[in-house]
Amino acid sequence: MSISALLKITWETRNPNMLLFLTFIQTIFHYSFSQTTQNINVLLINEENNALAEKSFEVAKEYVRRNPSLGLAVDPIIVVGNRTDAKAFLENVCRKYTDMVSGKKPPHVVLDFTTTGVGSETIKSFTSALGLPTISGSFGQEGDLRQWRGLNSNQTQYLLQVMPPADLLPESIRAIVTKQGITNAAIIFDEFFVMDHKYKSLLQNIPTRHVITPVKSFSKDEIKTQLRSLRELDIVNFFVIGSLRTIKNVLDAANENQYFGRKTAWFALSLDKGDISCGCKDATIVYMKPTPDAKSRDRLGKVKTTYSMNGEPEITSAFYFDLSLRTFLTIKSLLDSGKWPNDMKYMSCDDYDGKNTPTRTLDLKTAFQEVKETPTYAPFFIPEDGSMNGRSYMEFTTDLSAVTIKDGASIGSKPLGSWKAGLSNPLTLTDPENMTDYSAQLVYRIVTLVQDPFIILDEDAPKGFKGYCIDLIEEIRKIVKFDYEITLVPDGSFGNMDENGNWNGIVKELMEKRADIGLSSLSVMAERENVVDFTVPYYDLVGITILMKLPRTPTSLFKFLTVLENDVWFSILAAYFFTSFLMWVFDKWSPYSYQNNREKYKDDDERREFTLKECLWFCMTSLTPQGGGEAPKNLSGRLLAATWWLFGFIIIASYTANLAAFLTVSRLDTPIESLDDLSKQYKIQYAPLNDSSSMTYFERMANIEIKFYEIWKEMSLNDSLSDVERAKLAVWDYPVSDKYTKMWQAMKEAGLPNTVEEAVARVRASKSSSEGFAWLGDATDVRYQVLTSCDLQMVGDEFSRKPYAIAVQQGSPLKDQFNNAILQLLNKRKLEKLKETWWNNNPKAVKCEKQDDQSDGISIQNIGGVFIVIFMGIGLACVTLGVEYWWYKWRKRAVIGDVTQVQPVKLSKNEISTNEGKKNENVSFRSRNLNLADLKRKF
């Protein structure tokens, strides 16, 4: 009897209790039968190493079984294969699939839990070829699933992929690198993560030099070796992504390698629960781990407790659980709503011919997106438009903290922020400034060479150096943000290549990765650019020029005396004294002289008695423009005086002419003004520094000349030429210049100095500017030597000009970073200020006296002796005046005796007038014992 019949009888008998009971039973039955149980056939394809996914699938199946209200019954067929044996894997899948089709239980959906590799791509090919609705949990972003790249719009609706958490966590590295401005990184991962598809995409379009490598072994020694090889690549930022066990092994190895400190930064990322640990002595590690959403924690705990979902990592178990359950509910939704095609056709693997893929109109994506089941760990992110593949994932959240470990024990954990899973999500930091404390300080190794004023040793400077280049790198680091250690290049060379192609100097240090930056007055050369990279020039074009000793005109206060040789001066003095003596003799013995014939010349206005003193005075003054005064009265004396005048005229004229010529010729030293002048002479030796760019220039120019000569010689002696062709090559002059060949030979004979100091010392040791040594070097080096000394000069114009630039390792990201910084400094005119500081305002610059020019007059250094002479004359006159005064004032007075009578002496009028007319003649009377006759004779 049916429940409806029982209700009718109960109604007729008016039994209220029975009526209520039967009504309740009818409601229960109606509800139960209205919820139709859908049987879902699932083909689960998994890999051998992904047992956690299969276990989570079983939990989801059990969850469905224990919750009949879901109206589901899952009938799975599970295929597990080896990812490396694609053929066997595919055969096994096809066999299971064929069995399901032939058994009238074709799969509603294929759950693809393969991760990556050939096996996974084989399954993608299988499902797309046969048109099987598939939901995959494989690794890979958009375009990484090669067999699903060319899907049409219909296929993208039923061939779906959701990335697992292990595929999303590495994306946090991109966020960290971007936030911290990291320029180099090593990413070490274990078997729980797949990074094959991330080698290019993970840090794409980010200027970070990076290496992605798996942990090669669990052996500590092998991990230590692996870390050393990474460190040799100048990597200072290490990301370890894997299980807590893997992280511990790597950190322990790093501790033994002493890789913790301010120069390195360590980041650990794991899907495991718990905290990191290691036997580190003193280390701080930035640790990132996922945490379940607050809304999902109760459900997660219930599922773990009720259904024994205790697989680790917890987030991975939850992902496969939610993916399986969501797939079941998606199929049920399509079946219940009638959107599942009634004419769903399935073909076997053997029936597929490469072109007969079934056309599906199944919208699996929309149904998957509309499932409202509460997530177990975190919600799924599914894009609204476009394909799901490579763009869908579990949107979990990770906690970011700084863990400090000392002596193997964790002493604290400082929260830094969080990161929400996504393909381009940034970090969310509690305090952005704190995060910078956990970055590896960019400490670049700079190798340099002392070259004033670009690099100068200074113990008081912060880095031990100062100079133009140090100021430059300090300005650059304000923009690029880094620190540096600077050392001198061991062999003291900029870098040259030998005959075997081997390099030395700064270039070698960069090539062998022992330095990051080559900082000095390093010229950009073609062969250097083949092995290292150069930034944009930071200095003007610099050529080669000549350093020589500055010619010095010898000066002397008594230079006017050097016009005549000593023998001439002695001869003039001898002639002077001899002529003066003869004049005195002639005047004394000549009867016509004044002193011997006073009566004859008593009426003359000029009456000069030529004593020996007067003769000396007369001959001396005759040589001056003042003249000698009154000449002797006697003819012999006059002839002698005329002869002396003629002699004096010739001597004075010759002296004057020679003095002017002597002062002029001494400044007409013909200088070296160019390289051609230097090459055409032989008195001055010349050479560049050994192993310098200047040496390379001259050596190569000489080799080129030799090669040209060989080419011309070969052409001239070619027997295949006709007489006409040979005649065109016949010339009397040598058609190829041998200038540099001769110069290079002269340089080798002179000997190349090894250092700037040696070169400058050889220049200073030169006897003069026309004999000695000249140094051929960079114009900046030559200019600095001239700037800091007054005995050197720069000669000639610059040639073979090349720019100065900073050298970095080939392929280094520093090139672009430094280029940007240098251009900014150039726009801000900072480079001009550096030149002003180290050239115009250089503290070692000296102010030199101006050299005499041919247009200048006679200097005081050459004529000052004349003033000394006059001062000596004035001094001698003063002394004479004192002697005269003393003689007059303190002389001994004579006593007058035996004079009984002195009669007045009567002088004639003429005698009185004569005595009065004598100028500058003093008549003194001494009291002596004289008789009157003697006294009269004196007057």
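Residues numbered from 1 in each chain as written. Predicted model: local features only at pLDDT ≥ 70, side-chain atom pairs only at ≥ 80, totals over all residues. Heavy atoms only, no water.

Undergrad: Where do I start with the pairing of strand β24 (residues 772–778) in this structure?
TA: When a strand is regular, its side chains alternate between the sheet's two faces. Burial within β24 is extensive, with six of its seven residues counted as buried. As judged from the four bridges shared by strand β22 (residues 539–549) and β24, these two strands associate in the antiparallel manner. Looking across to β24, one finds that L547 is bridged to W775. Across four bridges, the pairing between strand β23 (residues 684–687) and β24 is parallel. (Buried < 20%, exposed > 50% of the residue type's maximum accessible area, 1.4 Å probe, protein only. Helix = DSSP H or I, 4+ residues; strand = E, 2+ residues; numbered from the N terminus. Pairing = 2+ DSSP bridges.)

Undergrad: Help me out: how do you make sense of the sheet that holds strand β14 (residues 409–420) in this one?
TA: Adjacent strands of a sheet pair through backbone hydrogen bonds, lying either parallel or antiparallel. Taking strand neighbours across the sheet as the criterion, the eight strands line up as β7-β6-β8-β9-β10-β13-β14-β15 in an open arrangement whose pairing is mixed. With one partner strand each, in any of the chains shown, β7 (209–214) and β15 (427–429) form the two edges of the open sheet. With direction set aside, neighbouring strand axes in the sheet form an average angle of 25°. Pairing of strand β6 (residues 184–189) with strand β8 (residues 237–241), which is carried by four bridges, proceeds in the parallel orientation. Following the sheet pairing, F189 is matched in β8 by I241. Along the sheet, helix α7 (residues 171–180) contacts β6, β8, β9 (265–269), β10 (282–291), β14 and β15; its crossing angle with β15, the most-contacted strand, is approximately 55°. (Axes fitted to C-alpha atoms, helices over the stretch in contact; angles between N-to-C directions. Contact = heavy atoms within 4.5 Å.)

Undergrad: Even after reading the chapter, I still don't get the nonpolar core, so can you show me in this structure?
TA: One recurring pattern in soluble globular proteins is that nonpolar side chains are buried together. Core analysis: the largest hydrophobic core is formed by 107 residues, its most contacted members being I187, F239, F267, F328, F368, F396 and L427. In terms of residue count, the dominant contributor to this core is helix α12 (residues 314–337) (eleven residues). For F328, the contacting residues outside a window of four places in its chain are I40, V42, F57, A60, K61, V64, L72, V74 and L111. Ranked by size, the runner-up nonpolar core spans 36 residues in total, among them Y444, I456, Y468 and L472. (Core = buried A, V, L, I, M, F, W, Y, C linked by side-chain atoms within 4.5 Å.)

Undergrad: Would you explain the pattern of salt bridges in this entry?
TA: Opposite charge on two side chains allows them to pair when their charged atoms are near. Scanning all chains against the criterion turns up 37 salt bridges. Taking the shortest distance from any N to any O, the salt bridge between K61 and E58 comes out at 3.4 Å. In this pair, K61 and E58 are both assigned in helix α3 (residues 51–66), three residues apart and thus about one turn of the helix distant. With relative accessibility at 26%, the residue K61 sits in the partly exposed group. Using a relative accessible area of 30% as the deciding quantity, one classes E58 as partly exposed. In this structure, E256 and K220 form a salt bridge, with 3.1 Å as the shortest nitrogen-oxygen distance. Taken together, the residues E256 in helix α10 (residues 244–256) and K220 in helix α9 (residues 220–231) connect sequence positions 36 residues apart. Look at the salt bridges and you will find they share partners, linking R262, K463, E474, R477 and D483 into a network. (Salt bridge = Lys/Arg side-chain N within 4 Å of Asp/Glu carboxyl O.)

Undergrad: Is there a simple way to think about the state of the cysteines in this case?
TA: The bond known as a disulfide is covalent and runs between the sulfur atoms of two cysteines. Enumeration over the complete set of coordinates arrives at three disulfides. Paired through a disulfide, C94 and C349 show a sulfur-sulfur distance of 2.2 Å. With the S-S dihedral at roughly -90°, the linkage between C94 and C349 falls on the left-handed side. Here C349 lies in the loop between α12 and α13 (364–370) and C94 lies in helix α4 (residues 86–102), a separation of 255 residues in the sequence. (Disulfide = S-S within 2.5 Å.)

Undergrad: How do you make sense of the packing of aromatic side chains when you look at a structure like this?
TA: Here the distance between the centres and the angle between the planes together describe a pair of aromatic rings. Taken as a whole, this structure holds 33 aromatic pairs when the rule is applied. When the ring centre of Y346 is taken as reference, the NZ or CZ atom of R360 above it lies at 5.5 Å. Over the face of the ring belonging to F773 we find R762, whose NZ or CZ atom lies 4.0 Å from the ring centre. (Phe/Tyr/Trp six-rings, centres within 6.5 Å; stacked < 30°, edge-to-face > 60°. Lys NZ or Arg CZ within 6 Å of the ring centre and 35° of its normal.)

Undergrad: Honestly, the pairing of β22 in this entry has me stumped. Any pointers?
TA: A large share of β22 lies buried, amounting to eight of its eleven residues. As paired strands, β22 and strand β25 (residues 792–804) are joined by seven bridges and run antiparallel to one another. What sits directly across from Y539, in β25, is Y804.

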